[in-house]
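Read off the chains here:
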Amino acid sequence: AMDWQVLTRELSLYLESQVRVGFFGSGVGLSLVLGFGVAYACYYLNSIAKKPQLVASNDRFCRFLEEYCPVVTETYYPTIWCWEGRVQTLLRPFITSRPQVQYRNELIKTADGGQISLDWFDNNDSSYYPDASTRPTVLLLPGLTGTSRESYILHMIHQSETLGYRCVVFNNRGIAGEELLTPRTYCAANTEDLEAVIHHVHSLHPSAPFMAAGVSMGGMLLLNYLGKTGRDTPLMAAAIFSAGWNVFESVESLEKPLNWLLFNYYLTTCLQSSISRHRQMLEKLFDMDLVMKARTVREFDKQFTSVMFGYRSIDDYYEDASPCRKLKSVGIPVLCLNSVDDVFSPAHAIPVETAKQNANVALVLTSCGGHIGFLEGIWPRKCTYMDRVFKQFVQAVFEHGNKIFSM
């Protein structure tokens, strides 16, 4: 113990002398470091850490959120060393933990002869809802090439588990290891598979409260479904995270040189690898060599997605896929979280005015957070701001939903 004390004293004396003499002498280095630290902290607190903007025309919905989902009115403190949108977007998949989740897989048949893979988290140990027939159920929709294995999905399930809820993840066709039985995958505009899944889940548990949460393209698909069905859905409410509101604006933003380098090219290769496994099936309808030459999401959609779903042009597809056009028809309470620095969904394309015209819609807009980022805390391994919004809103709907459903 004595040796340790001597060693630490020697080390501290050495460091003091280094700071004194090593940086222009007499502690200037320490002063500069401290000065920079104070300046950075002031900048962070004044310009980075902010309360989100809550856009909702319905006072009742607003009060409901303030009372039961207070996180949407509190200051969001992004991780102090990586608050910029692109950095948050890039780091989140690597930095956040991956909670352990045991799924039960179910393959369901579709009307056209295809199949959809659902991953269930039954939560049969739920002490709050021991009766499976009335256990609240959350349907989760991952992003463009995402599956039930994405860390953000695992975190949502972890949050739901603590509240006693059941989850089911809708994996888009051909993406979660199952075979394609027909030459058809998925897109943001076509809601047929989602309708089939919602009907199937509801028919299994007709007495269970039921809501959905969609992330990125999953959120776009969910919004397009809600815009189409209005009030005619078994879902009580929905939560949408980092949706691209206007596909034209999203792809344009992603084609800027830095964004293409950081995101677009990688995303395109992910799309290509997700279909290359099914090459034999898809070659019946597509020039797969041409599809594999795509270098942007737009090129991929032009050669593959828009053709598969029978659109005359890619513009027709992008018009149909943009949820901003359907928002006015949404007939159930929907909470949508976006960051204004998300390059996948540029701030100017967020339909603030349309949202103000629909009493069922609330937008929560943070100044930082990127695309499915929303990292917070010094070392953001566990819970993100998005996870907390998800948890509070889902709990608010299931436990106090009657207060907004009489809107």
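Predicted, not measured: the structure shown is a model, and the values here were computed from it.

Caption draft 1: Fine view of the domain arrangement of the protein chain. Per the domain assignment, the segments of the protein chain are domain 1 (47-245 + 334-406) and domain 2 (247-321). The C-alpha centroid of domain 2 is placed 24 Å from the C-alpha centroid of domain 1. On the side of domain 2, 28 residues touch domain 1, which itself brings 31 residues to the contact. The tally of links between domain 1 and domain 2 comes to one salt bridge. Residue glutamate 179 is joined to arginine 277 by a salt bridge in which the shortest nitrogen-to-oxygen separation is 3.3 Å. On the surface where domain 1 and domain 2 come into contact, there are nine residue pairs in polar contact (both at pLDDT 80 or more).

Caption draft 2: Layout of the nonpolar core. Membership of the largest hydrophobic core comes to 69 residues, with the highest contact counts inside it found for Leu139, Leu222 and Leu363. Here this core spans two domains, since at least three of its residues come from each of domain 1 (47-245 + 334-406) and domain 2 (247-321). Leaving out residues up to four positions away in the same chain, leucine 222 has contacts with Leu141, Leu194, Ala212, Ala213, Gly214, Leu235, Ala238, Ala239 and Ile240. In this structure, Leu65, Tyr68, Phe121 and Ile153 belong to the second largest nonpolar core, which totals 51 residues.

Caption draft 3: Representation of the environment of leucine 141 in the model. Relative to the elements of secondary structure, leucine 141 occurs in strand β4 (residues 137-141). Between the C-alpha atom of leucine 141 and that of alanine 189, which follows or precedes it by 48 residues, the distance is 14 Å. Ignoring any residue separated from it by four or fewer positions in sequence, one finds leucine 141 in contact with Ile153, Phe170, Leu194, Ala213, Gly214, Val215, Gly218, Leu221 and Leu222.

Caption draft 4: Quick peek at the UniProt feature "domain: AB hydrolase-1" (unreviewed entry) in the protein chain. Under the present numbering, the feature "domain: AB hydrolase-1" (unreviewed entry) in UniProt falls on residues 136-377. Segment residues 136-377 splits into 41% helix and 14% strand. End C-alpha atoms: 30 Å apart.

Caption draft 5: The arrangement of the UniProt feature "active site" (unreviewed entry) in the protein chain in detail. Per the UniProt annotation, the sites labelled "active site" (unreviewed entry) are Ser216, Asp342 and His371. With the annotated positions falling across 156 residues, the maximum pairwise C-alpha distance of 10.9 Å places them together in a single cluster. With respect to the helices and strands, aspartate 342 occurs in the loop between β8 (334-339) and α14 (352-356). Sequence-distant contacts of aspartate 342, that is, excluding residues within four places in its chain, are made with Ser242, Gly370 and His371. By secondary structure assignment, the location of histidine 371 is in the loop between β9 (361-366) and α15 (385-400). With residues near it in sequence (within four places) discarded, histidine 371 still touches Thr89, Ser216, Ser242, Asp342 and Phe344. Here the side chain of histidine 371 touches serine 216 through a polar contact of 2.9 Å, side chain to side chain.

Caption draft 6: Region of interest: the sheet that holds β8. The strand order across the open sheet built from nine strands is β1-β9-β8-β7-β6-β4-β5-β3-β2, with neighbouring strands paired in mixed fashion. Single-partner strands in this sheet number two, and they are β1 (53-55) and β2 (104-109). Ignoring which end each strand starts from, the neighbouring axes of this sheet average 20° apart. Across three bridges, β1 lies against β9 in antiparallel orientation. Bridged to valine 55 within β9 is leucine 363.

Parameters and conventions
Residues numbered from 1 in each chain as written. Predicted model: local features only at pLDDT ≥ 70, side-chain atom pairs only at ≥ 80, totals over all residues. Heavy atoms only, no water. Domains from an automatic or database assignment. Contact = heavy atoms within 4.5 Å. Salt bridge = Lys/Arg side-chain N within 4 Å of Asp/Glu carboxyl O. Polar contact = N/O pair within 3.5 Å; in protein donor to acceptor, adjacent residues only side chain to side chain. Core = buried A, V, L, I, M, F, W, Y, C linked by side-chain atoms within 4.5 Å. Buried < 20%, exposed > 50% of the residue type's maximum accessible area, 1.4 Å probe, protein only. Helix = DSSP H or I, 4+ residues; strand = E, 2+ residues; numbered from the N terminus. UniProt positions renumbered as here; feature names shortened; annotations may be inferred. Pairing = 2+ DSSP bridges. Axes fitted to C-alpha atoms, helices over the stretch in contact; angles between N-to-C directions.

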